[in-house]
Amino acid sequence: MSKNDNDPEPARTESSTSAASYHTTSEHEDHRECVICENPHSPDGVVNNPCSHDYRHSCLVDLVKAAIRDESLFPPPCCGKPVPVDANSSLLPHQILKDFVAKKLEYGTKDRTYCHRPACSAFIPPDAIANAVATCVECKHKTCVTCKTVAHGGDCPKDAATQQLLRVAKDEGWQQCPSCKRMVELDRGRAPNTCICRAQFCYLCAKPWKTCPCRQWDESGLLARAEVIVGCRPGGGQLTPAQRQEAIRRARDAIRRRQNCPHADREWRHGGGTCDHCGDEMHTFLFLCHDCDFQACR
């Protein structure tokens, strides 16, 4: 029987190869890549950051856990901006969220007081302090908020052990952070010195940065710091003497520029190196500031 020209053409069926290609492409387009594990995940399985990077839920949890353990990573950063942990708190296990909130209070407190008992050493929150005496919420022992030792009556005496520690610190090139009272190894090439709690202070007198008349730079220390930076960077050991001197000069000038550089123009890049902020060796990535050559882990 001949086919009638008016008869409708049969519907075309999509080949299995074409359909598979379409679905694969569609699935790929719908997925987002986690910046940590670099694996694709569905949009509802990732957290989007202000910098546009995505984190898988479990990777976000790992990031928060690392920040809880290491104050230099708190709050968890990405491209210099805090990861929105509070907005995604429902993704965190209860205990991790509880620890995060506690560390947020601790790390945000200036002139912190910790329990004087070495076996405890718990952070004492401001609401547990009255009349310069801090009561530990864990063991209930009392600590003087001035000398950070066992609470005592009357005015805080001059603690001989503390003074001895300060003398040793001076000989060893340490300085006491004016914010959290930690001992910080001085880096005379840096202006200012930066504690792990992020407080910045003068390397000469330990007063908060830009509140003292001390000179801002120590030239010999500045050059020493520049030499360390050049030596830690890829290819630093293969430079000719002339190239090395030029690299040191540029690094020295970059350190000076960092004083007021906001590090706004930063690039996330793969590869290891030494963090100029905390001194840690990074094996996966670093952020590089295009304005002052500052490279940091956060």
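Per an unreviewed UniProt entry, the protein goes by RBR-type E3 ubiquitin transferase and derives from Dactylonectria macrodidyma. The UniProt entry for the protein carries the following text under Catalytic activity (unreviewed entry): "[E2 ubiquitin-conjugating enzyme]-S-ubiquitinyl-L-cysteine + [acceptor protein]-L-lysine = [E2 ubiquitin-conjugating enzyme]-L-cysteine + [acceptor protein]-N(6)-ubiquitinyl-L-lysine."

Student: Go over the overall build of the protein, please, and point to the residues and values.
Tutor: The secondary structure content of the protein amounts to six helices and 20 strands. For the protein, the proportion of its 298 residues judged to be buried stands at 34%. If you take every contact in the protein between residues at least 6 apart in sequence, the share linking residues at least 24 apart comes to 37%. Of the roughly 18100 Å² of accessible surface on the protein, 51% is carried by carbon and sulfur atoms.

Student: Quick rundown of the nonpolar core? Include the residues and the values.
Tutor: One finds Tyr55, Leu60, Val64, Val83, Val85 and Phe100 to be the most contacted residues of the largest nonpolar core, which totals 18 residues. Counting only elements with at least two residues in this core, the list comes to α2 (57-69) and α3 (94-107). With six residues, α2 is the largest single contributor of residues to this core. Formed by eight residues, the second largest nonpolar core is a distinct cluster that contains Cys180, Val184, Phe201 and Ala206.

Student: A description of the sheet that holds strand β11 (residues 142-144) should follow, citing residues and the corresponding values.
Tutor: Spatially, the three strands line up as an open sheet ordered β9-β10-β11, and their pairing is antiparallel. The sheet terminates laterally at β9 (129-130) and β11, the two strands that pair on one side only. With two bridges joining them, β9 and strand β10 (residues 133-135) adopt antiparallel strand pairing. Looking at the pairing, Ala130 lines up with Val133 of β10.

Student: Tell me about unusual backbone geometry, and name the residues and values.
Tutor: Backbone torsion omega between Phe74 and Pro75 reads -5°, so that peptide bond is classified as cis. Secondary-structure assignment places Pro75 in the loop between α2 and β5 (77-78). Backbone geometry places Ser121, a non-glycine residue, at a positive phi of 55°. As for its placement among the helices and strands, Ser121 is situated in the loop between β7 (113-114) and β8 (123-124).

Student: Now, about α2: what can you tell me, with residues and values included?
Tutor: Compared with the 18 Å implied by 1.5 Å per residue over 13 residues, the 19 Å span of α2 between its first and last C-alpha is a close match. Listing the buried residues of α2 in full gives Cys59, Leu60, Val61, Leu63, Val64, Ala66, Ala67 and Ile68.

Student: Any chance you could break down the pattern of salt bridges for me, citing the residues and the numbers?
Tutor: Taken as a whole and judged by the stated rule, the model has eight salt bridges. Put simply, Lys148 and Asp111 hold a salt bridge, and the shortest N to O gap is 3.2 Å. Here Lys148, found in the loop between β11 and α4 (160-172), pairs with Asp111, found in the loop between α3 and β7; they are 37 residues apart in sequence, far enough to count as distant. By relative accessible area, which is 22% here, Lys148 ends up partly exposed. Residue Asp111 is classed as partly exposed on the basis of its relative accessible area of 38%. Notably, a salt bridge pairs Arg250 with Glu246, separated by 3.7 Å at the nearest N-O pair. Placement of the pair is Arg250 and Glu246 together in helix α6 (residues 241-258), with a separation of four residues, close to one helical turn. Here the salt bridges share partners, and the residues they tie into one network are Glu246, Arg249, Arg250 and Asp253.

Student: Run through the packing of α2 against α3, naming residues and quoting values.
Tutor: Where α2 meets α3, the closest approach of the two axes is 10 Å, and the angle between their N-to-C directions is 40°. Looking at the two axes, α2 sits oblique to α3. Like other packed secondary-structure pairs, α2 and α3 cross with a definite hand, here left-handed. Contact residues: Val61, Val64, Lys65, Ala67 and Ile68 in α2; Ile96, Asp99, Phe100, Lys103 and Tyr107 in α3.

Quick notes on the rules
Position numbers for residues count from 1 along each chain, tracking the sequence in the order it is written. Only residues with pLDDT of at least 70 are given local features in this predicted model, and only at 80 or more are side-chain atom pairs given and counted; all residues enter the totals for whole chains, interfaces and linings. Remark: hydrogens and water are excluded; side-chain values derive from all non-hydrogen atoms of the structure. UniProt positions are given in the numbering used here, feature names are shortened, and annotations may be inferred rather than shown by experiment. We count a stretch as a helix when DSSP gives it H or I for four or more residues in a row; a strand needs E for two or more, and each element gets its number in order from the N terminus. A simple rule labels every residue: compare its accessible area, found with a 1.4 Å probe on the protein chains alone, to the largest value its type can have, and call it buried under 20%, exposed over 50%, or partly exposed in between. Any two residues whose heavy atoms approach within 4.5 Å are treated as being in contact. Residue burial considers only the protein chains on display, and all accessible areas are found by Shrake-Rupley using a 1.4 Å probe. In these notes, a set of buried Ala, Val, Leu, Ile, Met, Phe, Trp, Tyr and Cys residues joined through side-chain atoms within 4.5 Å is what counts as a nonpolar core. By the convention used here, strands pair only if DSSP detects at least 2 bridges between them. Helices are assigned an expected span. That span is 1.5 Å times one less than the residue count. Counted as salt bridges are all cases of a side-chain nitrogen of Lys or Arg within 4 Å of a carboxyl oxygen of Asp or Glu. Helix axes are fitted to C-alpha atoms over the stretch in contact, other axes to C-alpha atoms as well, and angles between N-to-C directions run from 0 to 180 degrees. Every angle not falling under 35 degrees, over 145, or within 65 to 115 is termed oblique; those three ranges are roughly parallel, roughly antiparallel and roughly perpendicular. In a left-handed crossing the near helix is turned counterclockwise from the far helix by less than a right angle, and in a right-handed crossing that turn is clockwise.

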